[in-house]
Amino acid sequence: MELRDTFERVIDYLRISITDRCNLRCIYCMPEKGIQLFDHREILTYEEITRVVVIAASLGVRKIRLTGGEPLTRKNIFFLISSLKAINGIEDISLTTNGMLLDKYARGLADSGLNRINISLDTLRPERYKEITRGGDISLVMNGIDAAEEAGLLPIKINMVPIRHINDDEITDFARMTLGTPRHVRFIEFMPIGSRDLWNDERYISSDELKITVEKIGPLMPVRLRKRGPAKYFKFDGAPGVIGFISALTHHFCGECNRLRLTADGRLRPCLFSETEIDLKPALRKQPSDKEIERLLRLSIQVKPEGHNINQRDDLSSLKNMSRIGG
Ligand code: SAM
Ligand code: SF4
């Protein structure tokens, strides 16, 4: 079975935020004091998440990404992963993490059935890491990356958000990582979403500008890694690693968007940049029949917009933080 939206896009990917809590306070993602958190009772239980995925898989969803907040702060994540892994139709489970707890969890994640992992890392300098994350310890992340590699959670993808005057002097250091290791380094355009504490036009660096900076090291050759997805991939001649550019703002990937999002409090969000959400929780908690959940899943795909017209000058401060939507 294939799930197609009104614009003939195949929707086979569900990103699930399993918590809005986080053990860091990255300056571009969250205010220093944190955000208003959902009450525990508002958060979907693992059983509820699994039920949604069973129905989504029966409709054609094949790939799941767990995110947050920080997904590794939620208890018993191994149980959730093994439950999702056992679902008929689910082919790939991945997770996005800040890596603080990864050293401890990598082996268990792999053993539970996790296929791949993305690690968010915006600097390679310990002091700067502490500043950007407001207190994080980079040595834990580095150990976590090694542990994930040893556990076979490959390829390791490192996501960096370059921000002018914050970490833009490290863009080439990150790109050089791909010369000596098979890691994927992906540069994600800074988005004017959620907390506007840091945002201004000038801080934003487009993927085109990032590519020019990276090419100071040497020419990049295009690589086709996947049929669809938001990243454009390249590599240096002979390099084992790959470089990706994810440009939500400049080069819209809407035409290839294959995803739906599920927030930690049970709302289906068809587009990151639109506030349209469909609340699954009443049906999950009150209705014994899966038919209503299936109807709401189909509805969220029907209302998925063709695209967004966001650019870096737009004020999106009213949109929820990435940590609430599940970036
Ligand atoms: N806590 C996990 C982590 O940091 O990987 C998962 C959740 S976090 C919200 C997911 C991703 O969103 C991270 O890679 C983070 O860098 C990115 N992100 C958060 N706010 C952003 C913003 N304003 N612009 C671009 N990326 C952002
Ligand atoms: Fe937490 Fe991830 Fe947001 Fe950083 S980017 S504050 S680690 S949710």
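Above this text sits the structure in question.
First, a word on scope: everything that follows refers to the structure included in this document. Everything quoted here is computed from the prediction, not taken from an experiment.

## Description of the pattern of salt bridges
- With the rule as written, the count across this model stands at 25 salt bridges.
- Put simply, Arg116 and Asp92 hold a salt bridge, and the shortest N to O gap is 2.6 Å. A residue pair is termed long-range when its members are at least 10 positions apart, and Arg116 in strand 4 (residues 116–120) and Asp92 in strand 3 (residues 92–97) qualify at 24 residues.
- Through salt bridges with shared partners, one network takes in Arg125, Arg128, Asp169 and Glu170.

## A few points about helix 7 (residues 207–214)
- Three or more residues of helix 7 are buried, namely Ser207, Leu210, Thr213 and Val214. Angularly, the buried residues of helix 7 cover 115° about the axis, an arc narrow enough to put them on a single face.
- For helix 7, the elements touching its buried residues are helix 6 (171–180), strand 6 (184–188), strand 7 (220–223), strand 8 (231–236) and strand 9 (242–246).

## Topic: the environment of Phe190
- Structurally, the position occupied by Phe190 is in the loop between strand 6 and helix 7.
- Sequence-wise, Phe190 and Ile163 are 27 residues apart; in three dimensions their C-alpha atoms are separated by 6.6 Å.
- Those residues within four positions of Phe190 in sequence are excluded, and the remaining contacts are Tyr28, Val161, Pro162, Ile163, Leu198, Trp199, Arg203, Tyr204 and Leu249.

## Thoughts on the nonpolar core
- Formed by 99 residues in total, the largest nonpolar core has its most connected members in Leu66, Ile117 and Phe187.
- Ignoring anything within four residues of it in the chain, the contact list for Ile117 reads Leu95, Thr97, Leu102, Leu109, Ala148, Leu153, Pro155, Ile156 and Lys157.

## Some points on the site of ligand 1
- Taken together, 18 residues are adjacent to ligand 1, and Tyr28, Gly69, Glu70, Ser120 and Met191 come closest.
- Within the side chain of Tyr28, a nitrogen or oxygen atom sits 2.7 Å from an oxygen atom of ligand 1.
- Within the contact set of ligand 1, an oxygen atom lies 3.2 Å away from a backbone nitrogen or oxygen of Thr97.
- In the complex, the protein chains occlude 95% of the 550 Å² of accessible area that ligand 1 would expose alone.
- Secondary structure elements with two or more residues in the shell around ligand 1: strand 3 and helix 10 (322–325).
- By residue class, the composition of the shell around ligand 1 is seven nonpolar, nine polar and two charged.

## Description of the site of ligand 2
- Taken together, seven residues lie around ligand 2, and Cys22, Leu24, Cys26, Cys29 and Asn98 are the ones closest in.
- Of the residues belonging to the shell around ligand 2, the class tally is four nonpolar, three polar and no charged.

## Here's the deal with the sheet that holds strand 12 (residues 278–279)
- Strands sit in the order 7-8-9-6-5-4-3-2-1-10-11-12 across an open sheet of 12 strands; the sheet is mixed. Looking at the sheet topology across the chains shown, the edges are occupied by strand 7 and strand 12.
- With four bridges connecting them, strand 2 (residues 63–67) and strand 3 associate as parallel partners. Bridging from a neighbouring strand, Leu66 pairs with Leu95 of strand 3.
- Sheet contacts for helix 1 (residues 46–59): strand 1 (13–17), strand 2 and strand 10 (259–262); angle to strand 1, the most-contacted strand, approximately 170°.
- Each of strand 4 and strand 5 (156–160) is contacted by helix 5 (residues 138–150), which is oriented at about 150° to strand 5, the strand it contacts most.

## Let's talk about the packing of helix 2 (residues 77–85) against helix 3 (residues 102–112)
- The geometry of helix 2 relative to helix 3 is characterised by a closest axis approach of 8 Å and an angle of 25° between their N-to-C directions. With respect to helix 3, the axis of helix 2 lies roughly parallel. Relative to helix 3, helix 2 is oriented so that their crossing is right-handed. Contacts from Ile77, Phe78, Ile81, Ser82 and Lys85 in helix 2 reach Tyr105, Gly108, Leu109 and Ser112 in helix 3.
- In the contact of helix 2 with helix 3, the residues fall into five nonpolar, three polar and one charged.

About the thresholds
- Residues numbered from 1 in each chain as written.
- Chains lettered and ligands numbered in written order.
- Predicted model: local features only at pLDDT ≥ 70, side-chain atom pairs only at ≥ 80, totals over all residues.
- Heavy atoms only, no water.
- Salt bridge = Lys/Arg side-chain N within 4 Å of Asp/Glu carboxyl O.
- Helix = DSSP H or I, 4+ residues; strand = E, 2+ residues; numbered from the N terminus.
- Buried < 20%, exposed > 50% of the residue type's maximum accessible area, 1.4 Å probe, protein only.
- Arc of directions from axis to C-beta.
- Contact = heavy atoms within 4.5 Å.
- Core = buried A, V, L, I, M, F, W, Y, C linked by side-chain atoms within 4.5 Å.
- Near = heavy atom within 4 Å.
- Polar contact = N/O pair within 3.5 Å; in protein donor to acceptor, adjacent residues only side chain to side chain.
- Areas by Shrake-Rupley, 256 points an atom, 1.4 Å probe, with all protein chains shown as cover.
- Nonpolar A, V, L, I, M, F, W, Y, C, P; charged D, E, K, R; others polar.
- Pairing = 2+ DSSP bridges.
- Axes fitted to C-alpha atoms, helices over the stretch in contact; angles between N-to-C directions.
- Parallel < 35°, antiparallel > 145°, perpendicular 65-115°, else oblique.
- Left-handed = near helix turned anticlockwise from the far one by under 90°.

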